[in-house]
Amino acid sequence: MFGFQPSRGGRSRMKAVRALFIRHGAEGTAEGRSLRLLREWLSPAQREQFVRKGYFEVIGSDSGMRYRIHAGASVNVCELAETGHRKVGMCFMPIGALPIGDIMLAQKIALETCEGEVLSLARRFAPNGFHFRQARPLG
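Residues numbered from 1 in each chain as written. Predicted model: local features only at pLDDT ≥ 70, side-chain atom pairs only at ≥ 80, totals over all residues. Heavy atoms only, no water.

1. As for the sheet that holds strand 3 (residues 77–80)
Read across the open sheet, the five strands follow the order 1-2-3-4-5; overall the sheet is antiparallel. In this open sheet, the two strands that pair with only one neighbour each are strand 1 (55–59) and strand 5 (123–125). Between one strand axis and the next, the sheet turns through 30° on average, direction left out of account. Bridging between strand 3 and strand 4 (residues 86–91) involves four bridges; their strand directions are antiparallel. (Pairing = 2+ DSSP bridges. Helix = DSSP H or I, 4+ residues; strand = E, 2+ residues; numbered from the N terminus. Axes fitted to C-alpha atoms, helices over the stretch in contact; angles between N-to-C directions.)

Have a look at this one:
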């Protein structure tokens, strides 16, 4: 029906998902365009991480700490311990009703350029698996 075979490989599967996404016009929506822009701003390693795991990691500009940005618009950022485990969750986002990709891109840029200001504004919470479940592939 869609002109492709399902595959067990993650990369092939994501190509199929992206083809479906494009075929149904989703890339023409605000959310689709925002996710395309986010993918363009991610490094190849971050893009692969986002596609495979539903999150990508960034390094803070001031402290050098690692942060994980999960797919979502709020309660989707966490600071990582040196072991890679979630240490503390943070909630911060730009003002306005923006598509998910734009919010995640703003979070990425903010942590990479003005980490101290972000940390002074962010609301902290104890992270658990519930906050960071991947509901749908966005990468």
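2. Some thoughts on the pairing of strand 1
With four of five residues buried, strand 1 lies mostly within the body of the structure. Note: strand 1 against strand 2 (residues 66–70), five bridges, orientation antiparallel. Note that in strand 2 the partner of Val58 across the bridge is Tyr67. Taken together, strand 1 and the strand that follows it, strand 2, pair antiparallel across an intervening segment of six residues, in which Gly64 is found at a positive phi of about 80°. (Buried < 20%, exposed > 50% of the residue type's maximum accessible area, 1.4 Å probe, protein only.)

3. Notes on the pattern of salt bridges
As enumerated under the stated definition, the model contains five salt bridges in all. Salt-bridge contacts for Glu79 lead to Lys87; the nearest nitrogen and oxygen are separated by 3.4 Å. Note that Glu112 and Lys108 form a salt bridge whose closest N and O atoms lie 3.0 Å from each other. Here the residue Glu112 and the residue Lys108 both occupy positions in helix 4 (residues 100–113), the gap between them amounting to four residues, near one helical turn. For Glu112, a relative accessible area of 31% puts it in the partly exposed group. Within this structure, Glu57, Arg66 and Arg68 form a network of salt bridges that share partners. (Salt bridge = Lys/Arg side-chain N within 4 Å of Asp/Glu carboxyl O.)

On their own, these measurements won't tell you what the molecule is for.
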